[in-house]
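Below, each chain spelled out in residue letters.
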Amino acid sequence: MRDIGIDRVRSASEEWQAGALQVIHDLASLLDDFTTDDVWQLLGRGGEEGRAMGAAMRSAAERGWIERTDETRKSVRVSCHRRDLCVWRSLIRGKTAR
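Residues numbered from 1 in each chain as written. Predicted model: local features only at pLDDT ≥ 70, side-chain atom pairs only at ≥ 80, totals over all residues. Heavy atoms only, no water.

Which residues make up the overall build of the protein, and what are the values?
For the protein, the count of helices and strands is four helices and three strands. When the helices and strands of the protein are listed from N to C terminus, the series reads α-α-β-α-α-β-β. At a minimum sequence separation of 6, the contacts of the protein that also span at least 24 residues come to 62%. Accessible area of the protein: about 6100 Å², with a carbon and sulfur share of 49%. (Helix = DSSP H or I, 4+ residues; strand = E, 2+ residues; numbered from the N terminus. Contact = heavy atoms within 4.5 Å. Areas by Shrake-Rupley, 256 points an atom, 1.4 Å probe, with all protein chains shown as cover.)

This is the structure:
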């Protein structure tokens, strides 16, 4: 069910997804690991719902840019009420090719 929702959101706004993927790639090129808080900070919230970020992270993982870790960090965004966020590890830091 969750996967169906993420796939639906993934196709909802191709322009937003492209921007999110660019930010994720940029972060993965610079940092060893990060959370979606880092992506939102650079991307801005805009009109997209939160599930759209899940689709973007999944797309980045499918492209081999990042991988999910078992680590979590508390969100710093007020809207998230300090909930745990997955930490994503870069698989491309130090590499130049996309």
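How would you summarise the pattern of salt bridges if you had to cite specific residues and measurements?
Under the criterion given, the structure shown has five salt bridges. Arg73 is the salt-bridge partner of Asp33, the closest N and O atoms lying 2.6 Å from each other. Taken together, the positions of Asp33 in strand 1 (residues 33-34) and Arg73 in strand 2 (residues 66-74) put the pair 40 residues apart, joining distant regions of the chain. Overall, Asp33 belongs to the partly exposed group, its relative accessible area being 29%. Take Arg73: its relative accessible area is 30%, and that puts it in the partly exposed class. Across the salt bridge formed by Glu67 and Arg89, the nearest N and O atoms sit 2.7 Å from each other. (Salt bridge = Lys/Arg side-chain N within 4 Å of Asp/Glu carboxyl O. Buried < 20%, exposed > 50% of the residue type's maximum accessible area, 1.4 Å probe, protein only.)

Could you give an account of the nonpolar core, with specific residues and numbers?
Formed by 20 residues in total, the largest nonpolar core has its most connected members in Trp16, Ile24, Phe34, Val39, Met57 and Ile66. For this core, the secondary structure elements donating two or more residues are helix 2 (14-30), helix 3 (36-43), helix 4 (51-62) and strand 3 (84-90). (Core = buried A, V, L, I, M, F, W, Y, C linked by side-chain atoms within 4.5 Å.)

How would you sum up the sheet that holds strand 1? Please name residues and give values.
Pairing within the open sheet is antiparallel, and its three strands lie in the order 1-3-2. The strands lining the two open edges of the sheet, one partner per strand, are strand 1 and strand 2. As paired strands, strand 2 and strand 3 are joined by six bridges and run antiparallel to one another. For Arg68, the partnering residue across the bridge sits in strand 3 and is Trp88. Of the strands in this sheet, strand 1, strand 2 and strand 3 are in contact with helix 4, which crosses strand 2 at around 140°. (Pairing = 2+ DSSP bridges. Axes fitted to C-alpha atoms, helices over the stretch in contact; angles between N-to-C directions.)

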